[in-house]
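Read off the chains here:
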Amino acid sequence: FLRAVAQHLGTTAAKDQVDATAGTDGRAWYRAMTATAPGGMTVAVTVTRGVSSMTTTSGTAQSDGQVVGSLSHPTGNSGFLVTINVTGPVGWTPPFNAMAALAADARLTAVG
């Protein structure tokens with residue numbers, strides 16, 4: 001999980017991480033983390049289970065001198081929803097291609 005986030009978004013330090021697993025398939029049903037990355041970027045990733053038939057959504061907002069890029073991505077028929085929020089300074093552009101690649105990375109739902 002941490003390696004996937006670091007690979008796609010260049011995070012350098014995890015601040016918080018929560019993992020919970022259930023089921024005989026050994027896959028996570030809830031996982032969340034926040035981390036920092038170069039350039040003043042903050043990354044928050046949440047994976048939840050029990051989601052079906054949603055579509056990928058993304059958007060950008062500006063608040064309190066920060067730009068926030070958000071992406072929510074269902075992982076196909078597996079029933080997971082990956083939500084990624086990336087915050088950076090004004091004038092910064094959220095890395096939506098990297099965020100989408102991370103959302104599709106199977107390591108986010110793998111345990112171990």
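Going by the structure above, here's the rest.
All of the points below concern the structure found in this document.

### Some words on the packing of helix α1 (residues 2-9) against helix α2 (residues 96-103)
Part 1 of the reasoning: Relative to each other, α1 and α2 sit at 155°, their axes nearing to 9 Å. The angle between α1 and α2 falls in the class roughly antiparallel. Read as a crossing pair, α1 and α2 show a hand that is right-handed. In contact with A4, V5, H8 and L9 of α1, α2 contributes A98, M99, A101 and L102.

### What to know about the pairing of strand β5 (residues 66-74)
Part 1 of the reasoning: Sheet topology places strand β4 (residues 57-63) next to β5; 7 bridges connect them, and they run antiparallel. From the neighbouring strand, T60 faces β5, where its bridge partner is G69.
Part 2 of the reasoning: Hairpin geometry of β4 and β5 is characterised by an intervening segment of 2 residues between the two adjacent antiparallel strands and by a positive phi of about 50° at D64.
Part 3 of the reasoning: As defined by bridge partners, β5 adjoins strand β6 (residues 80-89) across 9 bridges and the pair is classed as antiparallel.

### Observations concerning unusual backbone geometry
Part 1 of the reasoning: Here D64, not a glycine, exhibits a phi torsion of approximately 50°, which is positive.
Part 2 of the reasoning: Structurally, the position occupied by D64 is in the loop between β4 and β5.

### Considering α1
Part 1 of the reasoning: Buried within α1 are the following residues: A4, V5 and L9. In an axial view of α1, the angular spread of the buried residues amounts to 95°, which keeps them on one side of the axis. In α1, the exposed residues that point more than 90 degrees away from the buried face are R3 and Q7.
Part 2 of the reasoning: Immediately downstream of α1, the backbone of G10 shows phi near 70°, a positive value.

### What to know about α2
Part 1 of the reasoning: Listing the buried residues of α2 in full gives M99, L102 and A103. Buried residues in α2, looked at end-on, bunch into an arc of 100°, giving them a common side.
Part 2 of the reasoning: In this structure, the buried residues of α2 make contact with α1, β3 (41-49), β5 and β6.

### What about the side chain of R31?
Part 1 of the reasoning: Along the chain, R31 turns up in strand β2 (residues 28-37).
Part 2 of the reasoning: The class for R31 is buried, based on a relative accessible area of 6%.
Part 3 of the reasoning: Separated by 3.0 Å, the side chain of R31 and the backbone oxygen of L108 make a polar contact.

### Thoughts on the environment of F80
Part 1 of the reasoning: For F80, the position within the fold is in strand β6.
Part 2 of the reasoning: On a C-alpha basis, the gap between F80 and T48 in space is 5.5 Å, while along the polypeptide they are 32 residues apart.

Basis of the calculations
- Residues numbered from 1 in each chain as written.
- Predicted model: local features only at pLDDT ≥ 70, side-chain atom pairs only at ≥ 80, totals over all residues.
- Heavy atoms only, no water.
- Axes fitted to C-alpha atoms, helices over the stretch in contact; angles between N-to-C directions.
- Helix = DSSP H or I, 4+ residues; strand = E, 2+ residues; numbered from the N terminus.
- Parallel < 35°, antiparallel > 145°, perpendicular 65-115°, else oblique.
- Left-handed = near helix turned anticlockwise from the far one by under 90°.
- Contact = heavy atoms within 4.5 Å.
- Pairing = 2+ DSSP bridges.
- Buried < 20%, exposed > 50% of the residue type's maximum accessible area, 1.4 Å probe, protein only.
- Arc of directions from axis to C-beta.
- Polar contact = N/O pair within 3.5 Å; in protein donor to acceptor, adjacent residues only side chain to side chain.

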